[in-house]
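Single-letter residue listing:
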Amino acid sequence: MNLILLGAPGAGKGTQAEVICRELNIPTISTGNMLRAAVKAGTEYGLKAKAAMDAGDLVSDDIVIGILKDRIKEPDAQNGFILDGFPRTVPQAEALDAMGVKIDKVIEIHVPDEKIQQRLSGRRVCLDCGATYHVDFKPSKTEGVCDVCGKQLVIRKDDEPETVKSRLKTYHEQTAPLKGYYEAQGKLVTVEGQEEVADTSRLTLEALNA
Ligand code: ADP
Ligand code: ZN
């Protein structure tokens, strides 16, 4: 099963991807995590991506499409995958179609902008292993320390308030049109993000079987 998770930054796509990953035992492919790893490793495309990411802009379609194309060839992706953060533009969705990737379902996690702003301001991440936390909604066991690997948690540069505003603008302008794109293919299912993560997860699993 090949799935796409769609939603604004901070809607909780990553968390729901983990839920589906456990349910179906297929890997999550997060272009955001792959790009951050590339930035950290200082690869050529990492260097190109960094400026766009820090500003809350999208990385160019060529770069992300190239990364994605290589990733889905890996052995672990042969029984299906969950795309988290890809596609983010109509040309990226068209590229997937052109690669012959058959998408079974697109799950949109819908959360209003005001809620998103509140959520992202409390988000903390581990740059070492990629785990994410929230000071109110998903605190780490010890404040500022990653439960998984024990490294220090930080605020992602692109979670700063002004950057969040431009990420939301980018989402509405460039990514939200994908809802229409996949609705026209009869693949779109919308899940309303809930206060409690467990409630959203239940709705996601329902959407999966719908
Ligand atoms: P979030 O969903 O929280 O915005 P991600 O971790 O998915 O964050 O992505 C972080 C950043 O990486 C984005 O703001 C963007 O600059 C870049 N990025 C990730 N995926 C894509 C993509 N498919 N196309 C273009 N840029 C991307
Ligand atoms: Zn960690």
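Everything below is about the structure printed above this text.
Residues numbered from 1 in each chain as written. Chains lettered and ligands numbered in written order. Predicted model: local features only at pLDDT ≥ 70, side-chain atom pairs only at ≥ 80, totals over all residues. Heavy atoms only, no water.

Draft legend 1. A look at the coordination of the zinc ion (ligand 2). Only C126 (SG), C129 (SG), C146 (SG) and C149 (SG) from the protein reach the zinc ion (ligand 2) as donors, at distances of 2.3 Å. Here the donor residues of the zinc ion (ligand 2) share one chain and are spaced in sequence as C-x2-C-x16-C-x2-C. With C129 in the loop between β5 (123–126) and β6 (132–134) and C146 in the loop between β6 and β7 (153–154), the pair connects residues that are 17 residues apart, well separated along the chain. The exposure class assigned to C129 is partly exposed, which follows from its relative accessible area of 37%. What makes C146 buried here is its relative accessible area of 4%. (Donors = N, O, S within 2.8 Å, 3.2 Å for Na, K, Ca; no water. Helix = DSSP H or I, 4+ residues; strand = E, 2+ residues; numbered from the N terminus. Buried < 20%, exposed > 50% of the residue type's maximum accessible area, 1.4 Å probe, protein only.)

Draft legend 2. Region of the structure containing the nonpolar core. With 27 residues, the main nonpolar core has L35, L83, L96 and Y182 as its most contacted residues. The set of elements that each furnish at least two residues to this core consists of β1 (2–6), α3 (44–55), α4 (61–71), β3 (81–84), α5 (90–98) and α8 (177–184). Apart from the residues lying within four places of it in its own chain, the contact partners of L35 are A49, M53, V59, I63, V64 and I67. Counting 20 residues, the second largest nonpolar core, distinct from the first, contains V111, Y171, V191 and A207. (Core = buried A, V, L, I, M, F, W, Y, C linked by side-chain atoms within 4.5 Å. Contact = heavy atoms within 4.5 Å.)

Draft legend 3. Just the sheet that holds strand β4 (residues 105–110), in detail. The sheet built from five strands is open, its strands ordered β2-β3-β1-β4-β8 with parallel pairing. Of all strands in the sheet, those bounded by a partner on one side alone are β2 (28–30) and β8 (188–192). On average, each strand axis in the sheet is tilted by 25 degrees relative to the strand beside it, whichever way the strands run. In terms of strand pairing, β2 meets β3 through three bridges, oriented parallel. The residue bridging I29 from the neighbouring strand is L83, located in β3. Contacts from helix α9 (residues 197–209) reach β1, β4 and β8, with the element oriented near 155 degrees to β4. (Pairing = 2+ DSSP bridges. Axes fitted to C-alpha atoms, helices over the stretch in contact; angles between N-to-C directions.)

Draft legend 4. Representation of α3 in the model. Restricting attention to buried positions, one finds in α3 the residues G46, A49, A52 and M53. The buried side chains of α3 occupy one side of the element, clustering within an arc of 130 degrees when seen end-on. Facing away from the buried side of α3 by over 90 degrees, the exposed positions are E44, L47, K48 and A51. Lining the buried residues of α3 we find α2 (31–41). Phi turns positive one or two residues past the end of α3, at G56, with a value near 80 degrees. (Arc of directions from axis to C-beta.)

Draft legend 5. Up close: the packing of helix α7 (residues 161–175) against α8. The contact between α7 and α8 brings their axes to 5 Å, and the two run at 35 degrees. Only P177, L178 and K179 of α8 make contact with α7, whose side of the interface consists of Y171, H172, E173, Q174 and T175. Considered class by class, the residues forming the contact of α7 with α8 number three nonpolar, three polar and two charged. (Nonpolar A, V, L, I, M, F, W, Y, C, P; charged D, E, K, R; others polar.)

Draft legend 6. The arrangement of helix α6 (residues 113–121) in detail. Where α6 is concerned, the buried positions are I116, R119 and L120. Buried positions in α6, seen along its axis, are confined to an arc of 90 degrees and lie on one side of it. On its buried face, α6 is in contact with β5, β6 and α7.

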